[in-house]
Number of protein chains: 4
Amino acid sequence: MDKPKKRHWKIRLHDVIYEADTRVGKLFDIILLITIIASIILVMLESVKSFDAKYHNFLNISEWVITILFTIEYIARIITVKKPYKYITSFYGIVDLLATIPKYISIIFGGVHALAALRALRLLRIFRILKLARYLGASNTIAKALRASRVKISVFLFAVIIISIILGTIMYLVEGDEAGFKSIPTSVYWCIVTLTTVGYGDISPVTPLGQFIASIVMILGYGIIAVPTGIVSAEYVSQSKASKEQDKDIPLNSKSCVNCIAEKHKDDAEFCYKCGHNLHDE
Amino acid sequence: MDKPKKRHWKIRLHDVIYEADTRVGKLFDIILLITIIASIILVMLESVKSFDAKYHNFLNISEWVITILFTIEYIARIITVKKPYKYITSFYGIVDLLATIPKYISIIFGGVHALAALRALRLLRIFRILKLARYLGASNTIAKALRASRVKISVFLFAVIIISIILGTIMYLVEGDEAGFKSIPTSVYWCIVTLTTVGYGDISPVTPLGQFIASIVMILGYGIIAVPTGIVSAEYVSQSKASKEQDKDIPLNSKSCVNCIAEKHKDDAEFCYKCGHNLHDE
Amino acid sequence: MDKPKKRHWKIRLHDVIYEADTRVGKLFDIILLITIIASIILVMLESVKSFDAKYHNFLNISEWVITILFTIEYIARIITVKKPYKYITSFYGIVDLLATIPKYISIIFGGVHALAALRALRLLRIFRILKLARYLGASNTIAKALRASRVKISVFLFAVIIISIILGTIMYLVEGDEAGFKSIPTSVYWCIVTLTTVGYGDISPVTPLGQFIASIVMILGYGIIAVPTGIVSAEYVSQSKASKEQDKDIPLNSKSCVNCIAEKHKDDAEFCYKCGHNLHDE
Amino acid sequence: MDKPKKRHWKIRLHDVIYEADTRVGKLFDIILLITIIASIILVMLESVKSFDAKYHNFLNISEWVITILFTIEYIARIITVKKPYKYITSFYGIVDLLATIPKYISIIFGGVHALAALRALRLLRIFRILKLARYLGASNTIAKALRASRVKISVFLFAVIIISIILGTIMYLVEGDEAGFKSIPTSVYWCIVTLTTVGYGDISPVTPLGQFIASIVMILGYGIIAVPTGIVSAEYVSQSKASKEQDKDIPLNSKSCVNCIAEKHKDDAEFCYKCGHNLHDE
């Protein structure tokens, strides 16, 4: 096994993992996608007690298969990538590691299944779903619009929290214990539930004054929901306009006719639309 | 009955069914519209047990009348249309067929009323409402805006699902069985209920930490509802502007050069931008 | 009492009622406004049983005072307006009439208080609130934007109803009686409650499949709420732009310099910015 | 201690409090920020009975520490500011005073802890959160957009209230006592809960007619939520465009004519549009 051949094999593997253009690369992507989704579904089903009771063995074996597949993928990524350390410490590196670890740790502490910490650890597997983020390439515009309006949205959310705390305290004073407004934190929780128009109804005002204030909170929430929407909409409108202007600007170029100085000819124009002079004659 | 006359009769029927310009065609449309709506109301009322008990016979007879009307309409459409096979396999062809079949099948299996499959079959009649889609001509702009932002909205919804699964799992861990977070799927369901600001309240957090996380989920949902709205708004703004610009774009007229048939000259153009031919020479 | 003087008195009364510029006219408006709001509050409080029991006499007398005030206003409007018949049959004429009638009818049928029809009649007084619509002058832009997007919004709402009926029927089939989905109308009601993100929670799915479909309904509702918002936003943007363009267009006028044909001078320009020629010299 | 030195000390203190550029000023800001947030958290925790029972002494001492810190801050601000009276009567002056007072008053009426008025007074401390508003500098655009659409939003909210009162009364008539629609105010409360898509579910229609009307209310609410969003979006779009146009408006430069000091000449202007003076002559 000479050196060049080994490099060749590494490069080929790299292409399979990181490129989606070749047939094998596409196949790898599809298998990975299915494995991730299957894994998520299994983790979710495992938490359903009646299902777990019936198919415990099936779940256990599937989990092992998936863990081994992800382990192979993780090792393959480390081997084939140019800067392994950078990958390992990257977001996806950590996500890929977290996708494999839980099952291995569960062997070590195999007997002590009931531990809450272990239960939490096993649920870490749900973060495998973040592997899917690799496939979310088209989200650029959304991310850009959100990033551009980041400051405004934070200010807005901050204002929402201040309003919630003040109104929550007032409601705590007005409604009191009977209606479920047991403490200020609970009242603030209620206020957020109401302002965001979620409205569970587990806590709801019963006194007329409380209902009156609640009405104000709701109408306020109804009005201020317009703010983040307005921010993001404006950001989008200006972004989509910017990208369109680039497209539109090409047809009408800024060359001027040497004969009559008319400007803004169409891009494919060969003669001046004003004087008929051949635009290619300089 | 000679051949030309028969063709004549078919064409006249075709016009009645497919054109709304003539008086008979308009009458046909109105009768069809009323029949569809009446049919939907009857199917809905049939499911109300107390109503069904009282007016069972009336419902049964009405259903027969409607089924026969729709059968006649279906046959008439097949006869008069130029390419019957294309119609039968089209969206409206299938909808029209589904509108008639259930009652006929229910005779065959008349005795076995209790079958769940039959019950489902009878409810297929609700899809008659899709016949109304024929009258939704003006929905072009909406459909266009939605189609244009299809990819962005899918990416967004995909992100919502990822967030819901992760947050749902965390809440499952934090809240546990007592509060109704019985399993991860249930917790994810709760998370979607909360993120979309629906908020049934059938499941709601009771621990302080759970309420704190729920508050974050709500504010998050409140914030990210801005994203699809922003996307569609921007799409609409640019579309309504595009259609307005076309009106404004009289500068680019539709005269074509008699020499080289190039089109879309600037309105004040006197010479063709493509071949230099004087545009005023005809 | 000669004719001219009487006309004078009528015109003065007309100004008091219909113009808000004079001091008496303003006073009339304020008194009317207070009377309307007081009347609404009294009708609302009357429906609160414990309040009605305590202050029945006060409510009755206040109601008489208000009824008489509104009667005087109604008669005064008829007398002073130029075309009384047109006023009487107009929207505000009917509203003003409805504001006075209920109390008078209640004397005639005074003994039979318990009649449901009478109760409904007495509640007609709540429509006095529509008198306030007179003061909503600034709502023009909103009304214009809504009217301009009327067709699109109707199409949208129509589509929402079709979706609700289909999804409601499916949920009726999936969930059945136990979860509260008693009939198709109830299921459709649930579907509208969910799609609009209201989410009472009086009916909510309990089976896993039902919760899964419900999740789809919610995410759908979350996504399509963007549509009406987008429509109205786009309408607003284009309207506010139109009104701004009018403002902006004045400064740069279309006069051209007679000396150098330069155009788009600032509106207050007195000399050409290109050649220094006095623009007022023609 | 001579006069100039004292002034020096005052100015230095002023810079620490009002400027965030120096290191000490930044430190002061951070300490103040932490104290405010800690104070809010303590007030909230104090309302949780189980927490208060356990840590009553800790809460009491912390409260004293915080009150003294805020008192020092308040006095320092009065001393160092140029116009103390203006500060004291300003929004922040009142907020700063309210942040310190409650604890002092509670000593005076120390024995009568149970008084509702005192309880309310103690909760006044929650308004300390308004001190945070000082750090919300970036909220200008939001405030501007909201202020610009103030009239439109008020009209809109006014219309929402009119609709709520009318629909609430109708629902009161249709549903009656059993379903929770006990009085018109309660029905109006329900209507606001529904229109704003909050939907607690503490009151919800049970009769078919009531559910039908409720469905209309919801779809209405779903439709009209578009209005404030549209208003704010349009405002934002036009604002963000305005700020962009200023950047783009280089054509109008800021050179002023040396002859007549007219400003905002077009960028390619060679002569002043006001006096005809050659702009290149300096």
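Position numbers for residues count from 1 along each chain, tracking the sequence in the order it is written. Think of it this way: whatever chain is written first is A, whatever ligand is written first is 1, and the rest follow in order. For this predicted model, a pLDDT threshold of at least 70 governs which residues receive local features, and a threshold of 80 or more governs which side-chain atom pairs are given and counted, while totals over whole chains, interfaces and linings are taken from all residues. With hydrogens and water excluded, all non-hydrogen atoms of the structure serve as input to the side-chain values.

**With respect to the overall build of chain A**
Here is step 1: Helix and strand assignments follow DSSP, with helices taken as H or I runs no shorter than four residues and strands as E runs no shorter than two, numbered in order from the N terminus. Helix and strand content of chain A: eleven helices and zero strands.
Here is step 2: Listing each helix as α and each strand as β along chain A from the N terminus yields α-α-α-α-α-α-α-α-α-α-α.
Here is step 3: The buried share of chain A, reckoned over its 282 residues, is 45%.
Here is step 4: Across chain A, the fraction of contacts at a sequence separation of at least 24, relative to all contacts at a separation of at least 6, is 52%.
Here is step 5: Computed with the Shrake-Rupley method and a 1.4 Å probe, the accessible areas treat only the protein chains shown as cover for residues. Just so you have it, chain A exposes about 14700 Å², and 66% of that area is on carbon and sulfur atoms. The buried label applies to any residue whose accessible area, calculated with a 1.4 Å probe on protein chains only, is under 20% of its type's maximum; exposed applies above 50%, and partly exposed to all values in between. Note on contacts: a residue pair qualifies if any of its non-hydrogen atoms lie within 4.5 Å across the two residues.

**Regarding the environment of A:Ile192**
Here is step 1: Among the secondary structure elements, A:Ile192 is positioned in helix 9 (residues 184-195).
Here is step 2: Remark: the alpha-carbon pair of A:Ile192 and A:Leu132, spanning 60 residues in sequence, is separated by 31 Å.
Here is step 3: When residues no more than four places from it in sequence are discounted, the contact partners of A:Ile192 are A:Ser164, B:Ser215, B:Met218 and B:Ile219.

**Quick word on the interface of chain B and chain D**
Here is step 1: At the junction of the two partners, chain B supplies five residues and chain D supplies five residues.
Here is step 2: With both chains or domains summed, chain B and chain D bury close to 200 Å², and 25% of this area falls on carbon and sulfur atoms.
Here is step 3: Salt bridge, as used here, is a side-chain nitrogen of Lys or Arg placed within 4 Å of a carboxyl oxygen of Asp or Glu. Where chain B meets chain D, there are zero salt bridges. Once two parts are joined, some of their accessible surface, as seen by a 1.4 Å probe, is lost; buried area is that loss totalled over both.

**A closer look at the relation of the copies chain B and chain D**
Here is step 1: Between chain B and chain D, the superposition needs a rotation of 180° and an axial shift of 0.0 Å, giving an RMSD of 0.1 Å. Here the symmetry operator amounts to a two-fold rotation axis.
Here is step 2: By residue overlap, the copies meet face to face through one surface: 100% of the interface positions of chain B are interface positions in chain D. Copy-to-copy alignment: least squares on C-alpha atoms, limited to residues at pLDDT 70 or above in both.

**Some words on a nonpolar patch on the surface**
Residue and element names in this part refer to chain A.
Here is step 1: Surface patches are defined over residues having more than 30% relative accessible area and no salt bridge, joining like charges when they lie within 9 Å and nonpolar side chains (Val, Leu, Ile, Met, Phe, Trp, Tyr) when within 5 Å. A surface patch of nonpolar side chains, amounting to about 600 Å² of accessible area, comprises Ile68, Ile72, Tyr104, Ile107, Ile108 and Phe109.
Here is step 2: Elements represented by at least two residues in the nonpolar patch include exactly helix 3 (49-80) and helix 5 (91-108).
Here is step 3: The dominant element in the nonpolar patch, judged by the number of residues it contributes, is helix 5, at three residues.
Here is step 4: Structurally, isoleucine 68 is set in helix 3.

**Notes on the pattern of salt bridges**
Here is step 1: Evaluation of the coordinates by the stated rule reveals 28 salt bridges over all chains.
Here is step 2: The partner of C:Glu63 in a salt bridge is C:Arg128, with the nearest N and O atoms 2.8 Å apart. One end of the pair, C:Glu63, is in helix 3 (residues 49-80); the other, C:Arg128, is in the loop between helix 6 (116-123) and helix 7 (140-148), with 65 residues separating them in the sequence. The exposure classification of C:Glu63 matches that of C:Arg128, with both residues buried.
Here is step 3: A salt bridge links D:Glu73 to D:Arg77; its shortest N-O distance comes to 2.7 Å. With D:Glu73 and D:Arg77 both in helix 3 (residues 49-80) and four residues apart, the pair spans about one turn of that helix.

**Notes on the packing of helix 8 (residues 150-175) of chain B against helix 9 (residues 184-195) of chain B**
Residue and element names in this part refer to chain B.
Here is step 1: Following both chains from N to C, one finds helix 8 and helix 9 inclined at 120°, their axes separated by 7 Å at the closest point. When the axis of helix 8 is compared with that of helix 9, the two are oblique. Here the hand of the crossing between helix 8 and helix 9 comes out right-handed. For the pair formed by helix 8 and helix 9, the contact residues are Val160, Ile163, Ser164, Ile165, Leu167, Gly168, Thr169, Met171 and Tyr172 on the first element and Ile184, Ser187, Val188, Trp190, Cys191, Ile192 and Leu195 on the second.
Here is step 2: Along the lines of polarity and charge, the residues of the contact of helix 8 with helix 9 split into twelve nonpolar, four polar and no charged. Note on method: axes are straight lines fitted to C-alpha atoms, helices fitted across the in-contact stretch only, with angles between N-to-C directions ranging 0 to 180 degrees. If an angle is under 35 degrees, it is roughly parallel; if it is over 145, roughly antiparallel; if it lies from 65 to 115, roughly perpendicular; otherwise it is oblique. We call a crossing left-handed when the near helix sits turned anticlockwise from the far one by less than a right angle, and right-handed when that turn is clockwise. Just so you know the grouping, Ala, Val, Leu, Ile, Met, Phe, Trp, Tyr, Cys and Pro go in nonpolar, Asp, Glu, Lys and Arg go in charged, and all remaining residues, Gly too, go in polar.

**Describing the packing of aromatic side chains**
All names here are of chain A.
Here is step 1: Between the rings of Phe, Tyr and Trp (Trp by its six-membered ring), a pair exists once the centres lie within 6.5 Å; its type follows the angle of the planes, with under 30 degrees stacked, over 60 edge-to-face, and the other angles tilted. Going through the model one piece at a time under the given rule, you end up with 20 aromatic pairs over all chains.
Here is step 2: With 5.2 Å between their ring centres and 65° between their planes, phenylalanine 91 and tyrosine 92 make a pair best called edge-to-face.
Here is step 3: Sitting over the face of the ring of phenylalanine 70, lysine 131 holds its NZ or CZ atom 4.3 Å from the ring centroid. Geometrically, a lysine NZ or arginine CZ counts as sitting over a ring once it is within 6 Å of the ring centre and also within 35 degrees of the ring normal.

**What about the UniProt feature "transmembrane region" (unreviewed entry) in chain A?**
Residue and element names in this part refer to chain A.
Here is step 1: UniProt positions are given in the numbering used here, feature names are shortened, and annotations may be inferred rather than shown by experiment. On the UniProt side, "transmembrane region" (unreviewed entry) is annotated at positions that read residues 27-45, 57-81, 101-121, 153-174 and 212-234 here.
Here is step 2: The span residues 153-174 carries 100% helix and 0% strand; its end-to-end C-alpha distance comes to 31 Å.
Here is step 3: The span residues 212-234 shows a helical share of 96% and a strand share of 0%, and its end C-alpha atoms are spaced 34 Å apart.

**Digging into the environment of D:Lys26**
Residues and elements named next belong to chain D.
Here is step 1: Relative to the helices and strands, lysine 26 resides in helix 2 (residues 23-46).
Here is step 2: The class for lysine 26 is partly exposed, based on a relative accessible area of 47%.
Here is step 3: Along the sequence, lysine 26 and leucine 123 sit 97 residues apart, while their C-alpha atoms lie 29 Å from each other.

**What to know about helix 3 of chain D**
Residue and element names in this part refer to chain D.
Here is step 1: Multiplying one less than the number of residues by 1.5 Å gives the expected span of a helix. For helix 3, which comprises 32 residues, the first-to-last C-alpha distance of 41 Å sits more than 12% below the rise-based estimate of 46 Å (1.5 Å per residue).
Here is step 2: Of all the bends in helix 3, the greatest measures close to 85° and is centred on tyrosine 55.
Here is step 3: Turning to helix 3, its buried residues number three or more, namely Leu59, Ser62, Glu63, Ile66, Thr67, Phe70, Thr71, Glu73, Tyr74, Ala76, Arg77 and Thr80. Note on bend: at a given residue it equals the angle between the axes fitted to the 7 residues ending there and to the 7 starting there.

**Examining the environment of D:Thr169**
Here is step 1: Mapped onto the elements of the fold, D:Thr169 is located in helix 8 (residues 150-175).
Here is step 2: D:Thr169 sits twelve residues away from D:Phe181 along the chain, and the two C-alpha atoms are 9.5 Å apart.
Here is step 3: The contacts of D:Thr169, once residues within four sequence positions are left out, are C:Leu123, C:Ile126 and D:Ile184.

**Some thoughts on helix 2 (residues 23-46) of chain C**
Here is step 1: The terminal C-alpha atoms of helix 2 of chain C lie 34 Å apart, and with 24 residues this matches the ideal 34 Å at 1.5 Å per residue to within 8%.
Here is step 2: Three or more residues of helix 2 of chain C are buried, namely C:Gly25, C:Asp29, C:Leu32, C:Thr35, C:Ile36, C:Ser39, C:Ile40, C:Leu42, C:Val43, C:Met44 and C:Glu46.

**Considerations on unusual backbone geometry**
Here is step 1: A positive phi is found at C:Thr197, a non-glycine position, where the angle reads about 60°.
Here is step 2: Counting through the fold element by element, C:Thr197 comes out in the loop between helix 9 (184-195) and helix 10 (208-224).

**Topic: the packing of helix 9 of chain C against helix 10 (residues 208-224) of chain D**
Packed helices, taken two at a time, are described by the angle between their axes plus the distance between the axes.
Here is step 1: Where helix 9 of chain C meets helix 10 of chain D, the closest approach of the two axes is 9 Å, and the angle between their N-to-C directions is 25°. Regarding the angle of helix 9 of chain C to helix 10 of chain D, the classification is roughly parallel. Relative to helix 10 of chain D, the crossing made by helix 9 of chain C is left-handed. Between helix 9 of chain C and helix 10 of chain D, the contacting residues are C:Thr186, C:Tyr189, C:Ile192, C:Val193 and C:Leu195 on the first element and D:Gln211, D:Ala214, D:Ser215, D:Met218, D:Ile219 and D:Tyr222 on the second.
Here is step 2: When its residues are assigned to classes, the contact of helix 9 of chain C with helix 10 of chain D shows eight nonpolar, three polar and no charged.

**Concerning the confidence of the model for chain A**
Residue and element names in this part refer to chain A.
Here is step 1: Confidence of the predictor at the level of single residues is given by pLDDT, which spans 0 to 100. Put simply, chain A has an average pLDDT of 77, and 75% of its residues get 70 or more.
Here is step 2: Low pLDDT (under 50) marks residues 247-254, which in the prediction has 14 contacts with non-local residues, meaning those over four places away or in another chain.
Here is step 3: Across the predicted assembly, pTM comes out at 0.78 and ipTM at 0.76.

**Re the side chain of A:Thr71**
All names here are of chain A.
Here is step 1: Mapping threonine 71 onto the fold places it in helix 3.
Here is step 2: A polar side-chain atom of threonine 71 sits 2.7 Å from a polar atom in the side chain of tyrosine 104.
Here is step 3: Filtering out sequence-adjacent residues up to four positions away, threonine 71 remains in contact with Thr100 and Tyr104. Contacts described as polar in this section are N or O atom pairs within 3.5 Å, which, within protein, must combine one atom able to donate a hydrogen with one able to accept it, while residues neighboring in sequence count only if both atoms come from side chains.

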